[in-house]
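Residues per chain, in single letters:
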Amino acid sequence: MDLQPGFRLVVAPRFHLAVDWAERLLLGAVQQEDGRFFPRHSWRTPSPEELRLLLGDPTLPIEDDACDKCLALLTLPQHLQAAFWGMLENEAQAPPTPRLQGWDGFVHEVARFLDFKGSPVPEDAVFDLVVSKPGQRSIQWDAEAAHAIGLTFNLASWISWPLQDETRLPRLWGGFNLGDEPVHVLLVNLPASHLAAELARDVAEAPPPTTLDELARRFLTHCPDYPLVRLRLDPGEGYRIPVGGVLIDACTLDTEGPGLMLMVRCEEAKGAGSEET
Amino acid sequence: MNADATALELLVLQPTPFCNINCSYCYLPDRQSTKRMSRSTLAQALEWVFESGLVRDPFTLLWHAGEPLVVPVAFYEEATALLDSYNLAGVPITQSIQTNATLLDEAWCDFLQSRQVHLGVSVDGPAFLHDRCRKTRQGQGTLDRVVRGIRLLHERQVPFDVITVLTASSLDCPDELFDFYQANGISRVAFNVEEIEGPNRTSTLLGAGMAGRFHRFLERFLDLACSANPPLAVREFESSTSAIQFMRLGPGARVQENNPWAIVNIDCEGNFSTYSPELLGLESPRHGSFALGNVARDSLAAVIASPRFQTLEAEISRGVEMCQETCQYFRFCGGGAPGNKYFENGTFASTETLSCRLHKKVCIDVSLNWLEQHTTAAAAAAPA
């Protein structure tokens with residue numbers, strides 16, 4: 001299945017990154033392992049037509065309203081990156097504590113910065129530091145099962161489909177590469193509604209999926225060759241996930257040291273109507 | 001002697017109108033002209049200044065209004081010797097150069113160090129901001145050369161300040177600017193706003209909601225600057241807090257830029273003016289040339305008595321009075337810059353300008369908020 005027009009990859013308004021998209025992007029496919037989905041080992045550069053589908057016209061400025069429907073690249077200022085490393089250095093010299101000293105202040109400053117830049121994190125946002133071994137195909141880890149989770153929707157897997165009010169549901173908002181090596185974001189460039197429509201067209205006889213997890217499994221099983229986008233994220237850079245439900249993960253396939261990601265997620269808003277299954 | 005005239009505070013000398021770069025917001029009309037101030041004009045200019053009676057207190061001699069470093073170091077060595085020879089009373093004089101830093105070399109560092117010349121470097125921040133406006137005549141960015149100059153200043157331990165011109169794009173980037181200053185060892189910074197002056201007929205800062213954006217920018221930048229170790233000095237904050245804490249300008253008050261002869265501007269041909277330096281070299285249908293005379297032939301007394309100066313002074317004075325009558329910030333500001341008033345409002349007898357809205361009012365408001373918050377916090381933290 002060829003790449004379809006979905007959400008665009010853009011630099012968020014008011015952020016300044018010198019991005020050579022062609023040099024940052026690779027396309028691949030997924031493979032299933034024990035019911036989980038990971039990138040295959042082979043990657044290729046996108047064709048000019050595929051780049052056009054992914055980027056639109058990158059010279060045109062992106063408005064704030066349109067940005068919600070794009071995967072937007074962000075970057076943390078150097079002083080915040082330095083603050084993070086300073087915090088780690090202090091931690092290394094002090095007796096071990098259950099919680100990183102200065103973490104709350106650090107993430108508060110990150111939130112203030114993003115707010116100033118017009119990319120505010122939701123009010124109930126939670127910041128996690130995710131440390132991954134080098135060479136991992138997924139940074140999502142199931143601690144109980146002790147294995148990588150692989151590609152999933154940025155919204156909780158149990159959420160019922162079709163989506164209700166997405167902003168009130170538990171979800172991953174975005175992430176930042178706090179490490180000193182590039183990591184790669186892996187994603188399918190289509191929102192959940194496109195995936196469902198694709199399935200409805202191809203497997204019309206099957207009943208529609210009832211949860212996001214079911215939608216993800218069915219699509220990735222049915223379309224394993226649909227181009228999986230691999231986007232390089234340099235140190236200090238981050239991404240904001242568009243609305244609509246996105247199949248997304250990140251990997252440390254080319255890193256020599258551990259990957260350090262600041263993941264921003266939202267807990268379920270009080271009174272949200274979705275049910276856990 | 002002109003005992004009635006204000007004492008000179010700032011002498012702006014133009015060694016050449018030429019600039020080796022071509023900034024998009026520049027107000028200098030003749031920046032492609034390679035004319036230079038001759039030794040005899042320089043001597044006449046200094047003689048005129050010291051004989052005018054204006055030199056009564058320490059003042060600053062600023063080499064500006066073109067790129068001063070396109071003129072060889074030898075010119076400034078000679079100028080310094082001449083300055084000493086005319087300054088018989090030994091009035092303390094601070095020499096200052098405002099430069100784009102692209103031409104700095106070892107010889108310049110030697111001169112700046114040996115003569116203790118104050119240096120101001122014009123740089124607008126990271127490349128995506130600086131190179132957008134500060135370009136060569138071929139349209140290339142200049143930041144690489146500026147940063148090379150800044151590195152040399154650090155290597156040679158030559159102190160310097162920085163002036164950054166803020167455009168609308170800069171207002172989204174306080175963190176990026178802060179990072180730039182930190183990365184380049186810049187410890188003192190001043191912000192100018194992109195002004196409507198002379199040939200620069202518009203400003204990106206004219207858009208709607210700009211005062212709010214400027215406020216947010218300054219507020220965030222101030223937080224970053226004050227949290228740095230050591231704190232980054234910001235001229236706008238220092239001057240605003242000083243105005244808030246100490247300055248209470250009353251009726252009849254004037255400040256440097258609208259006070260006749262507090263500033264004297266002399267171009268490379270010896271033509272002189274007063275008030276805003278940007279006025280020199282320009283003219284208006286009503287006032288004619290803003291150059292009021294030439295150091296080779298016109299005494300200060302004759303110029304002060306001339307109808308042209310009297311008309312100009314009356315109009316500027318009226319503008320200051322209008323500010324006093326209508327603006328609650330007058331006691332901190334003293335009536336604004338005549339140059340801005342003329343270029344924006346078409347007359348000196350006018351009040352608010354872009355510079356007033358952003359550079360004065362917002363700076364005062366932000367500084368006042370900061371002082372209130374931190375004074376309250378400090379008081380709360382103090383032991384009982």
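Trainee: Explain the nonpolar core to me, please; I cannot follow it from the model alone.
Mentor: Generally speaking, soluble globular proteins have nonpolar side chains that are buried together. Counting 98 residues, the largest nonpolar core has L11, A45, L218, F221 and V264 of chain B as the members making the most contacts within it. Broken down by element, the residue count for this core peaks at 7 residues, all from helix 7 (residues 210-227) of chain B. With 67 residues, the next largest nonpolar core counts L74, F153, L228 and L231 of chain A among its residues.

Trainee: Sorry if this is basic, but what is going on with helix 7 of chain B here?
Mentor: Taking 1.5 Å as the rise per residue, helix 7 of chain B with 18 residues should run 26 Å; its terminal C-alpha atoms sit 26 Å apart, in good agreement. Within the span of helix 7 of chain B, buried status applies to F214, F217, L218, R220, F221, L222, L224 and A225 of chain B.

Trainee: I'm lost on the environment of R230 of chain A in this one. Help?
Mentor: Structurally, the position occupied by R230 of chain A is in strand 12 (residues 228-233). Sequence separation between R230 of chain A and C251 of chain A is 21 residues, and the spatial gap between their C-alpha atoms is 9.1 Å.

Trainee: How do you make sense of the pairing of strand 3 (residues 30-33) of chain A when you look at a structure like this?
Mentor: All names here are of chain A. Pairing of strand 3 with strand 4 (residues 36-39) involves 4 bridges; the strand directions are antiparallel. From the neighbouring strand, Q31 faces strand 4, where its bridge partner is F38. Connecting the antiparallel pair strand 3 and strand 4 is a turn made up of 2 residues, with D34 showing a positive phi of about 50 degrees.

Trainee: I keep staring at the interface of chain A and chain B and nothing clicks. Help me out?
Mentor: If you look at the interface, chain A gives 7 residues, while chain B gives 11 residues. Contributing elements (two or more residues each) for the side of chain A that touches chain B: helix 4 (78-93) and helix 5 (103-116) of chain A.

Trainee: What is the right way to look at the environment of Q245 of chain B in this model?
Mentor: Here Q245 of chain B lies in helix 8 (residues 235-246). Once the C-alpha coordinates of Q245 of chain B and L368 of chain B are considered, the two residues, 123 residues apart in sequence, prove to be 9.5 Å apart.

Trainee: Explain unusual backbone geometry to me, please; I cannot follow it from the model alone.
Mentor: Residues apart from glycine generally show negative phi values, whereas peptide bonds are mostly found in trans. For the bond from W161 of chain A to P162 of chain A, the omega torsion is 0 degrees, close enough to zero to count as cis. Within the fold, P162 of chain A resides in the loop between strand 9 (152-153) and strand 10 (171-177). Here N229 of chain B and P230 of chain B are connected by a cis peptide whose omega angle stands at 0 degrees. Positive phi, close to 70 degrees, is recorded for A65 of chain B, a residue that is not glycine. Among the structural elements, A65 of chain B can be located in the loop between strand 2 (59-63) and helix 2 (73-86). Notably, W261 of chain B is not glycine yet its phi reads approximately 75 degrees, a positive angle. Looking at the element boundaries, W261 of chain B is found in the loop between helix 8 and strand 8 (263-266).

Trainee: Can you walk me through the packing of helix 2 of chain B against helix 3 (residues 106-114) of chain B in this structure?
Mentor: When two helices pack together, you describe them by how their axes are tilted relative to each other and by the distance separating the axes. Residue and element names in this part refer to chain B. Look at helix 2 against helix 3: their axes get within 10 Å of each other, and the N-to-C directions meet at 15 degrees. Relative to helix 3, the element helix 2 lies roughly parallel. Crossing hand, helix 2 versus helix 3: left-handed. Packed against helix 2, whose contacting residues are V73, Y76 and E77, the element helix 3 presents A107, W108 and F111 at the interface.

About the criteria used
- Residues numbered from 1 in each chain as written.
- Chains lettered and ligands numbered in written order.
- Predicted model: local features only at pLDDT ≥ 70, side-chain atom pairs only at ≥ 80, totals over all residues.
- Core = buried A, V, L, I, M, F, W, Y, C linked by C-beta atoms within 7 Å.
- Buried ≥ 20, exposed ≤ 12 C-beta atoms within 10 Å, placed from the backbone.
- Helix = DSSP H or I, 4+ residues; strand = E, 2+ residues; numbered from the N terminus.
- Expected span 1.5 Å × (residues − 1).
- Pairing = 2+ DSSP bridges.
- Contact = placed C-beta atoms within 7 Å.
- Axes fitted to C-alpha atoms, helices over the stretch in contact; angles between N-to-C directions.
- Parallel < 35°, antiparallel > 145°, perpendicular 65-115°, else oblique.
- Left-handed = near helix turned anticlockwise from the far one by under 90°.

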